[in-house]
Amino acid sequence: MTALPGAFALALCRRLCSGRAFDEIVTPIIADLQHEHGNAAARSSWARRWILLRGYAALLRALGVYAPLTPARHVRECWAGSEAPGWQLLRCATPRAAAALAIVLLPLVWSQRYLAQRVQDPGALLLLMLYLMPGFLIVAVPIALAIGLALAVIRLDRTEAQTRPTQSRVAPATAVSIVMAVAMFVLMNDVIPRANQAFREYVGRPRDIPKGSREMTMSELGRSAREARARGDRHAAFKFDTEWHKKLAIPAACIAWGPLAVVIASRRRRLRGVVSAVGLLSAYAVYFLAVRLADQAAVAGRLWPAWGWWIPVAVLLVATAAAASSTESLRAASDRG
Amino acid sequence: MNTKLSLSSKEALILELLRGRERYGLELVAASKGHLKRGTVYVTLGRMEEKGYVESRLEESHRGAIGLPRRLYRPTGLGLRALDLLAIAREMLTWEPSR
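Keep in mind that what you see is a predicted model, and the values were worked out from it rather than measured.

**Re unusual backbone geometry**
Right, on to step 1. At Lys33(B), a residue that is not glycine, the phi angle is positive and equals roughly 55 degrees.
Right, on to step 2. Its location among the elements puts Lys33(B) in the loop between helix H2 (25-31) and helix H3 (41-51).

Structure follows, in structure tokens:
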């Protein structure tokens, strides 16, 4: 017995498309294709092939039209009106994320306590801490926001009469994470280089200390890497290239933390808040360790800079996407458990 | 609730073709004489269903049916009203005073 035409495309789309796209677009087009093909049984094989070709072309075209419309629809559904799931999640997550940020920042600020011994003037000390703050925020904001979102999901699940599907929280969490990623990019590319250089000049006193790789913007890094390659300084070129990729890879990784937080927090279990926070902190620690090791390997020239920074980030993004796509079944399993 | 009726020319054509009878997507494409494309008709129908202009059901399966059941569409009262309003608006725009 041969399979009906379109069976493979149907199975593939079932995995790749949203439920709505599958029901509204894919199933009717495949149904049309199968009927048209079945009714053409008496016609030549070329005519039947032509029907298949037109059917698949229609499917591709429909998905090509539908795909760009989907994010716009998601945005509208998540953020239209003050009671939309996006605003609800954001309202609930903001105070929690702010508290988590304060807690995560404390040890980072504490790690710079040596400055208090060297700088006696409180005003100068405050200024130096302000210069260091953007670097702290790069580390603290993603994990604080993730913890805030996770705690907000748990809180909303407890207070709402009817539990929302996890996907309705993943979409706004992803949107928040994208905004955070843009902010992180601005921090990485514009604010941190200036703050680092200001710190160095304040501590070192001469006003025109040459910039190191961490004090450069992406355009300056690209130029320095080209110059280093031209004079045959491979080590310097690797250092500049690594820093260049870092400025893109860290913000890109931020996109994963929001949806990952929602997925982890959506599973019903005992001590859900604590387990979610510990789970996120553990995931962040593993990610942090991976990028540190990859960064060192890239600067030392043992790893191509792009691979060094993008492999851990790609693993994180793919794992998050896989977890988010299977989140409903995980939640159902934990509900049964 | 603030509801705004909006009807594109493609949506109007689909409602016109569906007036008085149920049809499935490919039938609409064939009846439109090239104005509707088989690649986009279901995207438009999905949007119209969301707006409440059409409703759909799966065709009943019968003995010897081939493949998946097709989705049949028919206009709702709101859809027909929007179409009538569009026809009135068009008529008013083309109105000429008698001499």
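**Regarding the interface of chain A and chain B**
Right, on to step 1. In this assembly, 27 residues from chain A lie in contact with 19 residues from chain B.
Right, on to step 2. The contact between chain A and chain B buries some 1,900 Å² in all, and 60% of this surface belongs to carbon and sulfur atoms.
Right, on to step 3. Area buried by chain A at its contact with chain B is led by Glu24(A), Asp32(A) and His35(A), which between them contribute 29% of it.
Right, on to step 4. Across the chain A-chain B interface, the total number found is one salt bridge.
Right, on to step 5. The salt bridge partner of Arg38(B) is Glu36(A), with a shortest N-O separation of 3.1 Å.
Right, on to step 6. For the side of chain A that touches chain B, the secondary structure elements donating two or more residues are helix H2 (19-39) and helix H3 (45-79) of chain A.
Right, on to step 7. Considering each element in turn, the side of chain A that touches chain B owes the most residues, 15 residues, to H2(A).
Right, on to step 8. Looking at the side of chain A that touches chain B, its residues break down into 12 nonpolar, six polar and nine charged.

**Section: empty space enclosed by the protein**
All names here are of chain A.
Right, on to step 1. The full count for this structure, using the stated rule, is one cavity of 30 Å³ or more.
Right, on to step 2. Here the largest cavity is characterised by a volume of approximately 50 Å³.
Right, on to step 3. Of all the elements in the fold, those that place two or more residues in the lining of the largest cavity are H2 and H3.
Right, on to step 4. It is H2 that contributes the most residues to the lining of the largest cavity, four residues altogether.
Right, on to step 5. Here the residues of the lining of the largest cavity sort into five nonpolar, one polar and three charged.

**Notes on the packing of helix H9 (residues 234-266) of chain A against helix H11 (residues 305-325) of chain A**
Right, on to step 1. At a minimum axis distance of 8 Å, the contact between H9(A) and H11(A) shows a crossing angle of 10 degrees. Between H9(A) and H11(A), the angle is such that the two are roughly parallel.

**Points about the layout of surface pockets**
Right, on to step 1. The volume enclosed by the second largest pocket comes to roughly 770 Å³.
Right, on to step 2. Within the residue set of the lining of the second largest pocket, elements represented by two or more residues are helix H6 (122-159), helix H7 (167-204), H9 and helix H10 (272-299) of chain A.

**Topic: the side chain of Ser213(A)**
Residues and elements named next belong to chain A.
Right, on to step 1. Mapping Ser213 onto the fold places it in the loop between H7 and helix H8 (218-230).
Right, on to step 2. The exposure class of Ser213 is buried, given its relative accessible area of 11%.
Right, on to step 3. Filtering out sequence-adjacent residues up to four positions away, Ser213 remains in contact with Leu221, Lys239, Phe240 and Glu243.

**Observations concerning H10(A)**
Count 3.6 residues to each turn of an α-helix, and residues three or four apart come out pointing the same way.
All names here are of chain A.
Right, on to step 1. Relative to the 40 Å expected for 28 residues at 1.5 Å per residue, H10 spans 40 Å between its end C-alpha atoms, a close match to the ideal helical length.
Right, on to step 2. Buried within H10 we find Arg272, Gly273, Ser276, Ala277, Leu280, Tyr284, Tyr287, Val291, Ala294, Asp295, Ala297 and Ala298.
Right, on to step 3. Close packing links the buried residues of H10 with H6, H9 and H11.
Right, on to step 4. Just downstream of H10, Gly301 is the residue with a positive phi angle, here 85 degrees.

The rules behind these values
Residues numbered from 1 in each chain as written. Chains lettered and ligands numbered in written order. Predicted model: local features only at pLDDT ≥ 70, side-chain atom pairs only at ≥ 80, totals over all residues. Heavy atoms only, no water. Helix = DSSP H or I, 4+ residues; strand = E, 2+ residues; numbered from the N terminus. Contact = heavy atoms within 4.5 Å. Buried area = accessible area lost by both parts, 1.4 Å probe. Salt bridge = Lys/Arg side-chain N within 4 Å of Asp/Glu carboxyl O. Nonpolar A, V, L, I, M, F, W, Y, C, P; charged D, E, K, R; others polar. 1 Å grid on protein atoms, 1.4 Å probe; cavity = no way out; pocket = protein on both sides within 12 Å on 5 of 7 lines; lining within 4 Å. Points joined across faces, edges and corners; volume = space filled by probe spheres on them. Axes fitted to C-alpha atoms, helices over the stretch in contact; angles between N-to-C directions. Parallel < 35°, antiparallel > 145°, perpendicular 65-115°, else oblique. Buried < 20%, exposed > 50% of the residue type's maximum accessible area, 1.4 Å probe, protein only. Expected span 1.5 Å × (residues − 1).

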